[in-house]
Every structure is written in structure tokens, then in C-alpha cells.
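# Examination of the molecular architecture
The primary structure of each chain is shown beneath.
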Amino acid sequence: MEVKTSLLDNMIGVGDMVLLEPLSEDSFLENLRNRFDHNEIYTYIGSVVISMNPYRSLPIYTPDKVEEYRNRNFYELSPHIYALADEAYRSLRDQDKDQCILITGESGAGKTEASKLVMSYVAAVCGKGQEVNKVKEQLLQSNPVLEAFGNAKTGEERQLFQIHLLEKSRVVKQPRGERNFHIFYQLLSGASDDTLKKLKLDRDFSKYNYLSLDSAAVNGLDDAANFRTVRNAMQIVGFMEDEVQSVLELVAAVLKLGNIEFKPESRCNGTDESRIKDKNDLKEMCELLGIEQSVLERAFSYRTVEAKMEKVSTTLNVAQAYYARDALAKNLYSRLFSWLVTRINESIKAQTKTRHKVMGVLDIYGFEIFEGIEWTNIEYFNNAIICDLIENHQNGILAMLDEECLRPGTVTDETFLDKLNTICAEHQHFESRLSKNSKFLTDHSLPHSCFRIQHYAGKVLYRVEGFVDKNNDLLYRDLSQAMYKATHSLIKQLFPEGNPTKVNLKRPPTAGFQFKASVGTLMKNLQTKNPNYIRCIKPNDKKASHIFTDSLVRHQARYLGLMENVRVRRAGYAFRQAYEPCLERYKMLCKRTWPHWRGPAREGVEVLMADLQVPTEEYSYGRSKIFIRNPRTLFFLEERRRQCLQDLATLIQKIYRGWKCRRQFLLLKKSQIVVAAWYRRYAQQKKYQKIKSATTVVQSYTRGWQARKLLRELKYQKRCEEAVTTISAFWHGTQARRELRQLKEEARNKHAVTVIWAGWQGTKARRELRRLKEEARRKHAVAVIWAYWQGLKVRREYRKFFRANAGKKIYDFIIQRIMQKYFLGLKNTMPPMSPIEKNWPARPYLFLDGVHKELRRIFHLWRCKKYRSQFTEEKKAVYEEKLEASEIFKDKKALYPSSVNQPFKGDYLEISKNPKYQKLNSAVDEKVLLADVVNKINRANGKGTARIFLLTKNSVVLADQKTGQVKASVPLPDLASVSVSTQSDGFFALKLKEGSASAIKGDFLLSSEHLIEIITKLHRTGTTDADREQLLVDISDEFLVQFKQDKVCVKFIQGAPKNGNSVSCKRKNNRLLEVSVPATA
């Protein structure tokens, strides 16, 4: 059976003020304070809900809470706004009654939040389906749109949009400490640069006259995020993209309109006129709205007045021009807001043609409608006299304000106040120091430019400044017609009166007239609905949690009439409850109704009340409820119920303990039988195991004896077989050795014969060789002698010719011999083939200096060519990188000399082979040119975090060293430059191009032991791609690094090592990181 709690169970203070005893203003506030201190922010006055704003989040609005209050009686659970929302929704659904929920309270009391909670609850419990869910989502998403365009941040958090009227004057002027409507600040803060460029706007608030600067930024309000929320909400509600753009264009036009300024000019006839100072803002506004600049400029300078068949055109002075500009801005924004409300209503209305059920949520004061039983008449303050003072058609304040605005001649706020002082002076609720009533002449709390009305809850002071201007709300016909000529898609809809074919000569209605008409329409609408009430109270002015200000809450309780509400409820019947829950709650107090009543619930309640002897004047029976007049009677029933519950609890405990003891005894008895059975089984098993063990031992001994006997027989047989084998082996060995000796003897004899024959053949060969050599020497001697003889004959024959050319021949011979000797000597003294070898033999003669140098050059080129021909393609690439590193860093960075003899390895992590980096290797599709571990420097403290640095042909990748997860991937085209210092550190900064997708998080400051190789490969990768700009390498001891929105200076200084670290990085301030590098020797 489902256990239902009640409003009266575990109650903190009194959940329903009707039950408060004794009833006074102090006890009323003390009960509110007690419940507020225990986070009970909701309290009832009958069916009225009092809501205290906690100014913090409470865990009482979860989906579980929604289900808890769903389809439950209003008084069945503790007070909650969900109970009222559920009551209204079920009346709408089950009884087909249109509902309205009236939410009252001053600014900051939580009225908007209460309306959101009601709508979210109804959205959660109503029907499902695609169309229903769509409408629910649109309904909830309409709030951000209406709040952005109709709300402003004010000193009191006022909600500025009403159901029918908007505070238009706020568009052009805001009180000190307050700001304009949210959408202006949201647009400038959250729109993209491209959107602002299209709208011809700048992000700087100070460039727009209509935006107050003293409260532009509000703590806890993120305008940029709210703008994105509004854009998304407009899409969900059903706005097309072109409609959203049109709305933003109108908002931008209002801002541009406020920047238009005028200067005076005098005409020849002596009249004053105005001219626009700077036409740039006017031009941009006309481009946004599609209006000819000359048409709008004339509308700001001239005014056309029509009377019957005549037209008169007059010039506007500077003050009138500014009035016309502000009037256009107010009307443009006000009509845009009205169009938004209409557009949202069209999107979320149901599409069927059947009659719809209506639930309205309004922040307006209303009157409760009681049940149809006999009630006692209660005297209370009738507010009709105040309403008549304000809205009487002849002598009401609004009527006199309209009359003053329509009166010819000079009309000011002072003339309006004089008229009030004349007509309303004798009214008992009207007070003014300038009226005929002399008792207010010395009242210094009442300023001269104000009047005061005594309402039922207290006196309210009204300042007349701006009353006439705000009530006029006059837009010149020239401006309306200029707007109608616009090509913008919305402007023609917003200014239909500008159509020249439909000219209306009637004066437009005043703001007061519009207000009265709207209130009348609203009241007529409310009279057809079933009302539900929520009274919102703010506990303090600081908007802080856990603070309860007695004076502030007392003031709100008075003007909300909460005490009168309680007295009205108590004057009739303090408590009411349906018969079924009443009988269910108190049936244990009567033997005839306990534990079950078989008849109707009302008869059971009658039997119960008669048995308890409650006086009949203390209660009354209605159609479906019992009404209890005095709270003491209810408390009597509750006390009897509490005592009876204690007796029932004792009886239940006694029966339960007896049942528990019997159950324990039967369990013990059953357990004893089970234990005995298990013990007997265990004893028999143990005896069986002993017999089995003894049998096994005897069997093992017998089998062991048999096995040992068999083993002895097998061993003897094996020894006999082994003896025969051994004797046979010895005999065969003796035979084999004898045969081997015979073979060896025969081999030695054959070898001796071979040796003797070889020696004889050698002797014969040597003798023949000596004979041949002697014969050859003889033949050679004969040839030499013959050659000398032939030479002598030739010399004798040609001696005469030789003497004539002897000098030249001898010179040529000597030079040839010297050259021959030089080249032969150079061949023997040739230096090593190493390209870096600088030694070269000295020249023997001065005339060989040019040849000597040219040969040295040619030899070095040939030697280098020979050396290069030994290179593989990989080695060539390494030396090319070394050459490029020399061009970049030689004589520029102190770290370069130590890197010359270090080969460029590239993949220091063997990323393709190491299984630890398998996931990272698969994430990088391209070939890895360099893989190393670097340190990413933290801007906050200068400490480094280990990261894996990967360089491919098209990008740079930084990944976590432990997990291999990619942290950042930067395309090489996004790199603008690389900055390093001139010292021996390994720090370098990767600077990204502004505006690139990778530049959102800022530049990267890294350090590595292989800095020269990393920078060289980065520079080389960018150089080899013809379509890519060459990467700039900046070598300086001080450079800037962009971290998100801030620029930080990185400065390198020389200093002593600290804590054993050769290089240390330390944060000096928000704008400086200092890197200390040890001085090089």
C-alpha cells in the first residue's frame, strides 16, 4: 500500500498560515523566518503559495520531485510551487477550465523564476509526442528571446517587458546605475567579427550614445554566452535565418540612430533649423534598412502638418530633431518587440481548429474566488477609490495627463502637476505640497515636483518629470513615411501608417490611453479564467542567501495583503480537506471507522466527528470537503492522532516481537535437527575413512614387496646382458686396431717413394733453369753492345746538327725532367683523401706556383667528388641539413658548435617500432620526419611538462608522453615564425599566424635537447614546399609569445646554475618569463 504524507507531517513551523495560532503580524513573520532558515521557502495561505527567494540553488526541482507532486492532492505533500502547478494543470485537463496563474511581488522576489518553474512543470507532465515536444521546447526557448529584447539589468532587477507594453524610453535614456536592454550588449559581445562587419558595428560599447557605460558590464552576466543562447533559441522557436538577420539589422540600426547628432543653422528668414553633423552613421543606418539617405535626412530636418486639404512644412530646430530621432528609435524598437511576440505566438500555437484549453502565467495582482457555501462577510480596504483616482474618465490622473498633452500652447510637467493640484486637492488619498490642502505645505518629505498617493498598503511617491514626454510618444508622420519607403523586409510591416495611400489625420493614442486599453483587455481576459496565486517575497536587498530582513519582509507582506488574506480565510473556515484523505488520516480515532470503513467517505467522517464529540459549530460539511472553523480543532485532531499512532506503534511492536520470537524458536528447532543429521553423517564418514585408509596401507605394503622382488630379477638379467656386450666390444676393438696398424705401415712406404721422386724432379728443374738464365744473359749482352754501337754511329753522323740546337734542347730536356720529377714527387707525397685535410706539399720551384695552386684546387674538388660519391641518399640529406643548420645558426647561437658533431637522427623514439606509441603512430597518417620528447613550458610557473613532439611534412603534433593522446596538431602553413635565443639553452617558441584556426589557444613555448635539429627540419620542410611561405627564424634574447588573449615577454639572462639545473625558467609577473642560462666558458 502506498504511504502518503501530509502537509501536517514533520512540519517546520506552520505549513499553512491559516493554521497559525496565535495570528499576528509578528507571529506571521516569525513563521516565515523559521521555515526560511530550514530551506522551506514555500508556505500556503489556503490555496495561495508564498514563495521566498533563497538566492541560491536548492535540490527541490529534480525530475523525482516532479513525479512526487504529479497527480497528488494540493495538501497531501509539503508546500511547493509544483503543487499549485499540478492543481492548475489537472483542473485544466480534467475539468476543462481555463487557468491563469497570477504571480505578484516586487523586483528581485523571483517572479520570473517562479513562472519558469511553473512552465517547466507543465511541460514535464503534459502529453508526449513529436508535435507536443516541439511546442514544449519552443515554449521554454521563448523565454531567452523575450528576456534579451524586453529585459534590462537595473538597480532592482526589474523585469521591463509586460504582456502589452514595453518601457520604450529606456532605449534612448537609462537611469544612472542601469543599462539598456540586454540584446544590445549581447550583440556587441557575442556576435562574430564577420557578423559585426555586416551590421557595420564595433565591439566597443563607448562608441554608442544609447548605451550607458557605468553599468555595461554586470557581474555574473555573460553577454557573449547569452547571445549564443538567444540565437539558438530563435532557431528552435522557428525563426528563419533571414528573419534573425533582419532582427539584428534593426537592432544595429537603433544603435546607429543614437549616434546621429545635429547642429544648429540659421535661415535667411531668421528661423532656426538643424543639420546633421556627421553623416557617416546616417549613411550606414540607411544601408542597413534600405532607405535613401536624402529621404531620411529630410525627415529629420522638416515636419509636414496636414489639416484637411492643406499641408504645411516647417523646419525642426536642434531640440526637435533630437526628439524626432529618439521617437523613431523608441518606436522602431518597440514595434520590433511587438513583432517578436506575435511571431513567437504564431510559432507555438496549436495547428488544429478545435477549441484550445488555456493556461496563462502572469505577474499581476488578482482576487481569489471562494467556494459556493455560506460565508461570513469580512470588512477590508476597498481599492476601488484608488483605481477611480487614477483611471476615472473625467477627473482621473491618466485622463488629465491625456487632456494636458492634447491642450494647445505650452505644455510641461509643471503644468500637469498644477492641474492635478487643482482638481485632486480635496481627494483624501492625494497629497501634494502645492495643492489647496494646507496640511502638506510644511511636509518636507514631499518634494515640490512630486505628488503622493496613499494606497491600501502605504504611500507611494510619484515624480512628474518626464510624464508628458513619455505619454505623448509622438512619431512625426514624415519619419513614418520615410520608414515605409525602406526596402528592408520588416520595416514596411512595422510602419503601416507610413503608407501614403492610407493617410490618417487622427492624433496617435497616448501611452496612458494604450495602458488603460491594455489593462482593460487583460482584465476582461482574466475574468474568463480560473485564478491561482503565487506571492513572491525577497528576504533581503543584498540578494544573498541565509539573510532574512524583518522590515523588508514586513513591508512586502503588508502591500501584498497577506495578513488580510489569512484573516479572510480564517474568518470563515481555517482548514478544509476532502472527505477521502480526511477519513484516511483520522480513521484510527474511532473504532467504527478503524481499520476499514465500508461506506461513503462523508458518512465515515460524520461518524468519526460524532464519536470524537467535536462541537458542531466548529465544522461544516460541504459537497466534497469538510470545513473546520478553528485551528484548535485541527490541532486537537492531530494530537489525538499522534497519541493513537503511539498506541498503534506499541501494539505493532508487541505483535512483531512475538512473531519474531516464534520465528526464531522454529528456526532454532529446525536448525538443531539439521545439525544432528549433519553430525551423524560426519561421524560415519570419518569411520569409513579410517577403514579405507588401513586397507590402503596393507595393499601398499604387499604391492611394494612384489615390486621389489621383480626389480631384483630384472636387474640380474640386465647385468648378464651387459657383460656379454662388453666382452664382444673388447674383441672387436682389438681386431680393428691390428688392421689399422697394417694400413698405416703401407701408407708410410708409399709416401717415402713419392718424396724421393719429387726431390729428383726438382733438381732436374733447377739445373735447366740455370742453363736458360745463362743463355739469356749472353743474348742481352750482345743486344746492349749492338745498341751502343748503333748509338755511337748515329751521334757521329748527327753531331753537327746537335750543336746548333743544343741550348734549346738542353733547356727543354731539363724543364721536362724537372716537371717529370715534380709530378712523380707529387704522386709520392699526395695528402690523404679526407675533404677536411688542409696539408699540401710545398712547391720546389717558384715558376710552378700557379700550377701548384691549380693542382691543389683540382685535387680538392676531385677528392670531394670521390668522397660524395660514397654517400647514400639518406646521408646526403643529413649533410644538407647540417649545411642548412650552419647557415641558420653559425655565429648566431652559442649552442650551435656543440651540435656540429652530433648526427641528426630524426626519430629518437622509434615511434614505428615501439608498441608503446602504436596508438599515436596510427593517429598520424603521414611519415614522421622527427620524433622527440620536449618540455612544454607553463606560463603560470615556468615549469615544463613532458610532451611528444612529432614533425611530419604538413604538420606539427604534440602528444602526451604517458598516454600518447594527441594534445595539439598545428598545420605548418599556420606557423608564422620560430623564436630562439642566442645562448646555449634549448628554448624555442612556435608562433602561430593570427586568425588561423590553430591560434585560438595561443603560441607554444617549448624546450628540447635537440633544438638545432628541430628548427633546421622545420625550416627545411617549409623551404622544400614551393607553395608555402618560408619559415622565419628569429634569434634574439627577448621575444613575445601569445598565450590565448595575453602576450608574455620571454627574456634570457646569464646566471649561475640553481639546484643543479643548467637552465631555469621563472615567472616574474603576468607579462614576463625569465630564463636563466649559465654563462659559457
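As the structure is a computational prediction, the values presented were derived from the model and not from experiment.

### Remarks on the overall build of the chain
- The helix and strand tally for the chain stands at 30 helices and 27 strands.
- Here the chain, with 1081 residues, has 39% of them falling under the buried criterion.
- Accessible surface, the chain: about 65,100 Å² in total, of which carbon and sulfur atoms supply 54%.

### Some details on the UniProt feature "binding site: ATP" (unreviewed entry) in the chain
- The UniProt record annotates "binding site: ATP" (unreviewed entry) at Gly 105, Glu 106, Ser 107, Gly 108, Ala 109, Gly 110, Lys 111 and Thr 112.
- Here Ala 109 shows up in the loop between strand S3 (99-104) and helix H4 (111-125).
- Looking at Ala 109, the relative accessible area reads 1%, which means it is buried.
- Residue contacts for Ala 109: discarding those within four places in its chain leaves Asn 53, Cys 536, Ile 537 and Lys 538.
- With respect to the secondary-structure elements, Gly 110 resides in the loop between S3 and H4.
- Look at Gly 110 and you get buried, because its relative accessible area is 18%.
- Every residue in contact with Gly 110, bar those within four places of it in the chain, is listed here: Asn 53 and Cys 536.

### A word on the packing of aromatic side chains
- Within this structure, the stated rule accounts for 20 aromatic pairs.
- A centroid spacing of 5.0 Å and a plane angle of 20° characterise the contact between Phe 181 and Tyr 333, whose relative ring orientation is stacked. With a gap of 152 residues between them, Phe 181 in the loop between helix H5 (130-150) and helix H6 (182-190) and Tyr 333 in helix H12 (residues 318-348) connect regions that are remote in the sequence.
- Across the ring face of Tyr 302, the terminal group of Arg 298 is positioned such that the distance to the ring centre comes to 4.4 Å.
- For Arg 343, the ring lying beneath its charged end belongs to Phe 239, and the centroid distance is 5.1 Å.

### Focus on unusual backbone geometry
- A cis geometry characterises the amide bond from Glu 21 onward to Pro 22, with omega recorded as -5°.
- Tracing the sequence through the fold places Pro 22 in the segment before helix H1 (25-37).
- Look at the link from Trp 594 to Pro 595: it is a cis peptide, with omega at 0°.
- In this structure, Pro 595 sits in the loop between helix H22 (579-586) and helix H23 (601-612).
- The residue Asn 39 is not glycine, and still its phi comes out positive at about 65°.
- By the secondary structure assignment, Asn 39 is in the loop between H1 and strand S1 (42-45).

### Brief notes about a nonpolar patch on the surface
- A contiguous nonpolar surface patch, about 300 Å² in accessible area, is contributed by Ile 810, Phe 813 and Ile 814.
- Summarising the element assignment, Ile 810 is placed in helix H25 (residues 806-828).
- The class of Ile 810 is partly exposed, set by a relative accessible area of 45%.

### Overview of the sheet that holds strand S18 (residues 955-960)
- Taking strand neighbours across the sheet as the criterion, the eight strands line up as S19-S18-S17-S16-S22-S21-S20-S23 in an open arrangement whose pairing is mixed. Either end of the sheet is taken by a strand with one partner, and the two such strands are strand S19 (966-971) and strand S23 (1032-1035). Strand-to-strand, the axes of this sheet are offset by a mean angle of 30°, without reference to chain direction.
- Sheet analysis places S18 next to S19, joined by five bridges and oriented antiparallel. In the strand pairing of S19, Val 956 is matched with Val 970.

### Here we look at the sheet that holds strand S27 (residues 1072-1077)
- If you walk across this open sheet you meet the four strands as S24-S25-S27-S26, and the pairing is mixed. Where the open sheet ends on each side, the last strands, each with one partner, are strand S24 (1038-1043) and strand S26 (1064-1069). Within the sheet, the average angular offset between the axes of one strand and its neighbour, ignoring direction, is 30°.
- Pairing geometry for S26 and S27, over five bridges, is antiparallel. Among the inter-strand pairings, Ser 1064 is bridged to a residue of S27, identified as Ser 1076.

Calculation rules
Residues numbered from 1 in each chain as written. Predicted model: local features only at pLDDT ≥ 70, side-chain atom pairs only at ≥ 80, totals over all residues. Heavy atoms only, no water. Helix = DSSP H or I, 4+ residues; strand = E, 2+ residues; numbered from the N terminus. Buried < 20%, exposed > 50% of the residue type's maximum accessible area, 1.4 Å probe, protein only. Areas by Shrake-Rupley, 256 points an atom, 1.4 Å probe, with all protein chains shown as cover. UniProt positions renumbered as here; feature names shortened; annotations may be inferred. Contact = heavy atoms within 4.5 Å. Phe/Tyr/Trp six-rings, centres within 6.5 Å; stacked < 30°, edge-to-face > 60°. Lys NZ or Arg CZ within 6 Å of the ring centre and 35° of its normal. Patch = residues over 30% accessible without salt bridge, like charges linked within 9 Å, V, L, I, M, F, W, Y side chains within 5 Å. Salt bridge = Lys/Arg side-chain N within 4 Å of Asp/Glu carboxyl O. Pairing = 2+ DSSP bridges. Axes fitted to C-alpha atoms, helices over the stretch in contact; angles between N-to-C directions.

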